[in-house]
Amino acid sequence: MYSMTTKLKIENLTKVFGRNPKSVMKKIRNGISKEAILKETGHTVGIYDVSLEVKKGEIFVIMGLSGSGKSTLIRCLNMLNIPTEGKIFIDGENIVEYNKVKLREFRQKKVAMVFQHFGLFTHRTILKNVEYGLEVRGIPKEERQKIATNNLLIVGLEGYENQYPRQLSGGMRQRVGLARALANDPDILLMDEPFSALDPLIRRDMQLELLDIQSKLKKTIVFITHDVNEAFKLGDRVAVMKDGVIQQIGTPEEILENPASDYISNFVQDVDKSRILQAKNIMFFPSSLVFLKDGPLVAMKEMERSGISSVFVVDNDRKLHGLVTVDDAINAVKERKPLKEILIKNYETVDPDTYIQELIPMTTSSRYPIAVLDHNDKLLGIIPRVSVLSALI
Ligand SMILES: Nc1ncnc2c1ncn2[C@@H]1O[C@H](COP(=O)(O)OP(=O)(O)OP(=O)(O)O)[C@@H](O)[C@H]1O
Ligand SMILES: [Mg+2]
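Owing to the predicted nature of the structure, the values given are computational and were not obtained by experimental measurement.

The rules behind each value
- Residues numbered from 1 in each chain as written.
- Chains lettered and ligands numbered in written order.
- Predicted model: local features only at pLDDT ≥ 70, side-chain atom pairs only at ≥ 80, totals over all residues.
- Helix = DSSP H or I, 4+ residues; strand = E, 2+ residues; numbered from the N terminus.
- Buried ≥ 20, exposed ≤ 12 C-beta atoms within 10 Å, placed from the backbone.
- Contact = placed C-beta atoms within 7 Å.
- Near = placed C-beta within 6 Å.
- Domains from an automatic or database assignment.
- Core = buried A, V, L, I, M, F, W, Y, C linked by C-beta atoms within 7 Å.
- Pairing = 2+ DSSP bridges.
- Axes fitted to C-alpha atoms, helices over the stretch in contact; angles between N-to-C directions.

A.B. asks: How would you summarise the overall build of the chain if you had to cite specific residues and measurements?
C.D. replies: Secondary structure assignment for the chain yields 17 helices and 16 strands. Once the C-alpha set of the chain is aligned to its principal axes, its extents read approximately 90 × 55 × 35 Å. Relative to its full complement of 393 residues, the chain shows a buried share of 36%. Summarising the internal contacts of the chain: among those between residues at least 6 apart in sequence, 65% fall at separations of at least 24.

What follows is the structure, encoded as structure tokens:
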């Protein structure tokens, strides 16, 4: 999935808005609430004591309700917000300590931001919008046009170079926003609710498009959303924020299976689990297995012992060869037939990354448990039909 190198590391980051942010740090540390601090001092705590690490090539999603501090946090990552306290290491350098020159270079080359409301220049053509960052950097016209054209191709907007933003749909405008961000070839993409203004179908397209682009370009992406389904679809890992504080960081599966608070439980209630959970999350290793070298009698006894009416048959490498039913085994014992001759194959097989959504129809097309196999047909686990449905409750 992604390499384990740390790209971005945030340590104890706090951002307070107001006249004298540092003056309220003591109150925050003493556990005085955000509301009380605002009332008493007129300062707003945007985020408090945030620590996290983002790996190179990862899509790291920050999720939380409105006002929880998501934008405050992501805007610290390119220093649009100057942190009140804390450190932000990118490739091992604390960007909070950068001087103006270093900071400008960092913003031009290492990070790019995509905004919710696109932030396009209305009086510039699409091509000129995408060229903007390169122009600022003084890249010669011909070269920047070439780069911009190529990035428009990446986001699927070939042919729109000379149109103006008002001539494009919302989804297309955000593609321009993405192309503009990609034009500088930044290591890190900061995306603050980039798809929230789009209608649901376009939004779904854009999510898939982003995953597609990411699989090719392998940027490090910090992505903000308040939509849990979007968070879990896109995020390799997700951080959940509330009142300026991170409540939980984990993979979508970890958060789904073990929400750290009621706030998070409420969020994940809305999750369409069938699109998040995969076969590997719900399979288990069968309590009974029969080996090819065994006879029908062994198979029969095995089923009797476990109280089941069919059992999978594997070889010594645990490669799946078929399934025997108890009725066939009884007959084979009587007729002295070998196990090989009574193997049936009308069960469903899937790989471990198959989403539950795709398993649901299989529960009606076959009477037997679903076999989960690796690419060598090795049996990794089984999923009884009832487990597919109970996993969704
Ligand atoms: N420039 C600012 N000046 C004063 N307070 C601010 C400023 N920006 C944000 N805040 C405050 O910081 C807190 C966090 O706001 P932030 O914009 O980070 O929330 P958010 O999670 O992005 O919300 P949304 O989902 O609505 O975009 C809020 O209480 C907000 O009022
Ligand atoms: Mg916001």
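Moving on from the model shown.
A.B. asks: Summarise the site of ligand 1; cite the residues concerned and give the values.
C.D. replies: Neighbouring ligand 1 are Phe17, Thr44, Gly46, Gly64, Ser66, Gly67, Ser68, Gly69, Lys70, Ser71, Thr72 and His226. For the shell around ligand 1, the elements supplying multiple residues, two or more each, are strand E2 (44-55) and helix H3 (70-76). Here the shell around ligand 1 takes three residues from H3, the largest share from any one element.

A.B. asks: Summarise the domain arrangement of the chain; cite the residues concerned and give the values.
C.D. replies: Parsing the chain into structural domains produces domain 1 (6-110 + 186-271) and domain 2 (280-390). Centre-to-centre, using C-alpha coordinates, domain 1 lies 45 Å away from domain 2.

A.B. asks: Any details on the nonpolar core? Residues and values, ideally.
C.D. replies: One recurring pattern in soluble globular proteins: nonpolar side chains tend to sit buried together. With 96 residues, the main nonpolar core has Val61, Ile62, Ala179, Leu190, Val222, Val324 and Ile383 as its most contacted residues. Sorting elements by how many residues they give to this core places helix H7 (residues 170-183) first, with six residues. The two domains that each donate at least three residues to this core are domain 1 (6-110 + 186-271) and domain 2 (280-390). For Val61, the contacting residues outside a window of four places in its chain are Phe223, Thr225, Ala231, Leu234, Gly235 and Val238.

A.B. asks: Report on the sheet that holds strand E7 (residues 188-192), specifying residues and quantitative values.
C.D. replies: Spatially, E6-E7-E8-E3-E9-E10 is the arrangement adopted by the six strands of the open sheet, whose pairing is mixed. What marks the edges here is a single partner per strand, and that holds for strand E6 (111-114) and strand E10 (245-250). Taken over all neighbouring pairs, the strand axes of this sheet differ in orientation by 20 degrees on average, direction set aside.

A.B. asks: Please give an account of the sheet that holds E2 that cites residues and values.
C.D. replies: Strand order in this open sheet of four strands is E2-E1-E4-E5, and the pairing throughout is antiparallel. A strand with exactly one partner marks an edge of an open sheet, and here the two such strands are E2 and strand E5 (93-94). The pairing of strand E1 (residues 6-17) with E2 spans eight bridges and is antiparallel. By the bridge assignment, Ile10 is partnered in E2 with Leu52.

A.B. asks: Provide a residue-level description of unusual backbone geometry, including the pertinent values.
C.D. replies: Trans peptide bonds make up most of the peptide bonds, and negative phi angles are found at most residues other than glycine. Even without being a glycine, Arg336 presents a positive backbone phi close to 55 degrees. Tracing the sequence through the fold places Arg336 in the loop between helix H14 (326-335) and strand E14 (349-350). Look at Arg336 and you get exposed, because 8 C-beta atoms sit within 10 Å.

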